[in-house]
Amino acid sequence: MTNLAEAQVPGVDLFPVRKPMPRAQFDALSQEILVLKKQLNAVILAHNYQVPEIQDIADYVGDSLGLSQQAAGTKADVIVFSGVHFMAETAKILNPNKIVILPDKDAGCSLEESCPADKLAAFQKTNPNFYTITYINCSAEVKALSNIICTSGNAVKIVEAAPKDKDLLFVPDENLGAWVMEQTGRKMTLWKGNCYAHIEFQRDNLLRLRQAFPEAKVVVHPESLHEVRELADAVCSTEKMITYCKSSPARQFVVVTESGIIHRMQKECPGKQFICAPVADALRTPTDPCHCSECKFMKLNTLEKVRDCMENLAPRIALSPEIIHRARLPIERMLEISAR
Ligand code: 13P
Ligand code: SF4
């Protein structure tokens, strides 16, 4: 096995530079958060891309599917959602009577931006036989226009279960949609949206990593481009990536998704080595020279902001009862099919 400490791959920084929070600061903040959590009867849900210190204080860390399932089943009065805005909205849709807060209201998503509800509604009118399957990375208004929601963890299952006599419209991620078409053989019309972070992974860089680490398994998120997915040993959601790395006998893995996931992988797979797939050189800046892929939206959240949102009970998700009512059904359909 190639020694990671000695390995050099031209154009690839194998050692990310993100510094952990100082221990004393972490201890003080996590203590404050613990007290607030008890006072509020709150649950803290965090996505796999969150910074390590948020993952370490969360009650549950997972992918979009796991987080929706947790939100659907929680008995807490307050849901603290450390992820991006559409995830917190999903939790609110499933819990209209609970308070749902998030650390930073500007934590958006490029996929959500790519699909405004008015444009989707206009496109749906072009074919009355459309059955709209919508990736969870979208606004509540877009969910309300959908027949069913999916995540990267269940998209294949959801598409396989879709009515055979309908024309399938898949929104908003054209890369996930293309991958699902390959897996299921079902033809779909794809909305032209993408994740700005995942489309930056480059085939050339990945080929260089494969050469340097011939024994490493390559795990790729389906939001990545086709030419990158082609090089994968496994294409899956972030949660399934962790399961794959845990159960695989391999000792090294090249991870092609947002670098926040490495924290859980290192914690849950002791003795295994994880190599962050690099993004294009052009994305490096003098203040952030790291080659790893980071979602600028996910990384708006900090442990301080988690504490602050619990103290202020804001930013808070507010949605109209009408949108909640219409958006809930397609989410519940997804949860029901996922549980089968
Ligand atoms: P999953 O964690 O559901 O695989 O999704 C990745 C993602 O990009 C979330 O925004
Ligand atoms: Fe959206 Fe991509 Fe960020 Fe996920 S990683 S929240 S899909 S921009």
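Further up the page is the structure itself.
Residues numbered from 1 in each chain as written. Chains lettered and ligands numbered in written order. Predicted model: local features only at pLDDT ≥ 70, side-chain atom pairs only at ≥ 80, totals over all residues. Heavy atoms only, no water.

Draft legend 1. Structural view of empty space enclosed by the protein. Within the structure shown, the criterion is met by 2 cavities of 30 Å³ or more. Lining the largest cavity are 25 residues; nearest its centre among them are Tyr 49, Asn 137, His 198, Glu 223 and Met 298. Taken together, the elements giving at least two residues each to the lining of the largest cavity come down to helix H4 (85–94) and helix H5 (110–113). The residue makeup of the lining of the largest cavity, split by class, is 13 nonpolar, 9 polar and 3 charged. As a volume, the second largest cavity reaches approximately 50 Å³. If you go around the second largest cavity, the residues you meet are Ser 64, Leu 67, Ser 68, Ala 71, Phe 81, Phe 86, Met 87, Thr 90, Ala 91 and Ile 136. Counting only elements with at least two residues in the lining of the second largest cavity, the list comes to helix H3 (64–73) and H4. (1 Å grid on protein atoms, 1.4 Å probe; cavity = no way out; pocket = protein on both sides within 12 Å on 5 of 7 lines; lining within 4 Å. Points joined across faces, edges and corners; volume = space filled by probe spheres on them. Helix = DSSP H or I, 4+ residues; strand = E, 2+ residues; numbered from the N terminus. Nonpolar A, V, L, I, M, F, W, Y, C, P; charged D, E, K, R; others polar.)

Draft legend 2. Focus on the site of ligand 1. As a matter of local geometry, ligand 1 sits amid 14 residues, with His 47, Ser 64, Ser 152, His 221 and Thr 238 nearest to it. For ligand 1, an oxygen atom lies 2.7 Å from a polar atom in the side chain of His 47. Coverage of ligand 1 by the protein chains reaches 96% of its 300 Å² of free accessible surface. Within the shell around ligand 1, the residues separate by chemical class into 5 nonpolar, 7 polar and 2 charged. (Near = heavy atom within 4 Å. Polar contact = N/O pair within 3.5 Å; in protein donor to acceptor, adjacent residues only side chain to side chain. Areas by Shrake-Rupley, 256 points an atom, 1.4 Å probe, with all protein chains shown as cover.)

Draft legend 3. The arrangement of the packing of aromatic side chains in detail. Applying the stated rule across the entire model yields 5 aromatic pairs. Taken together, a centroid distance of 6.0 Å and an interplanar angle of 80 degrees make the contact between Phe 123 and Trp 191 edge-to-face. With Phe 123 in helix H6 (residues 117–124) and Trp 191 in the loop between strand E8 (188–190) and helix H10 (203–212), this pair connects stretches of sequence that are 68 residues apart. Under the relative-accessibility criterion, Trp 191 is labelled buried at 13%. Measuring from centroid to centroid gives 6.4 Å for Tyr 244 and Phe 253, while their planes differ by 80 degrees, and the two rings are edge-to-face. Owing to a relative accessible area of 22%, Tyr 244 belongs among the partly exposed residues under this scheme. With relative accessibility at 0%, the residue Phe 253 sits in the buried group. Members of the aromatic cluster, joined through ring pairs, are Phe 123, Phe 130 and Trp 191. Sitting over the face of the ring of Tyr 196, Lys 296 holds its NZ or CZ atom 4.9 Å from the ring centroid. (Phe/Tyr/Trp six-rings, centres within 6.5 Å; stacked < 30°, edge-to-face > 60°. Buried < 20%, exposed > 50% of the residue type's maximum accessible area, 1.4 Å probe, protein only. Lys NZ or Arg CZ within 6 Å of the ring centre and 35° of its normal.)

Draft legend 4. Quick peek at the site of ligand 2. Residues in contact with ligand 2, as listed here, are Tyr 49, Val 84, Cys 109, Ser 110, Leu 111, Asn 137, Cys 195, Tyr 196, Glu 223, Cys 295, Phe 297 and Met 298. Its atoms largely coinciding with the cavity grid, ligand 2 occupies the largest cavity. Looking at side-chain class alone, the shell around ligand 2 contains 9 nonpolar, 2 polar and 1 charged residues. (Sits in = over half its atoms within 2 Å of the grid points.)

Draft legend 5. How the structure looks around the environment of Ala 140. Within the element layout of this structure, Ala 140 appears in helix H7 (residues 140–144). With 115 residues separating them along the chain, Ala 140 and Val 255 place their C-alpha atoms 30 Å apart. If we skip the residues at most four places from it in the chain, Ala 140 touches Glu 89, Ile 93, Leu 319, Ile 323 and Ala 327. (Contact = heavy atoms within 4.5 Å.)

Note that all results are geometric; they support no functional claim without further evidence.
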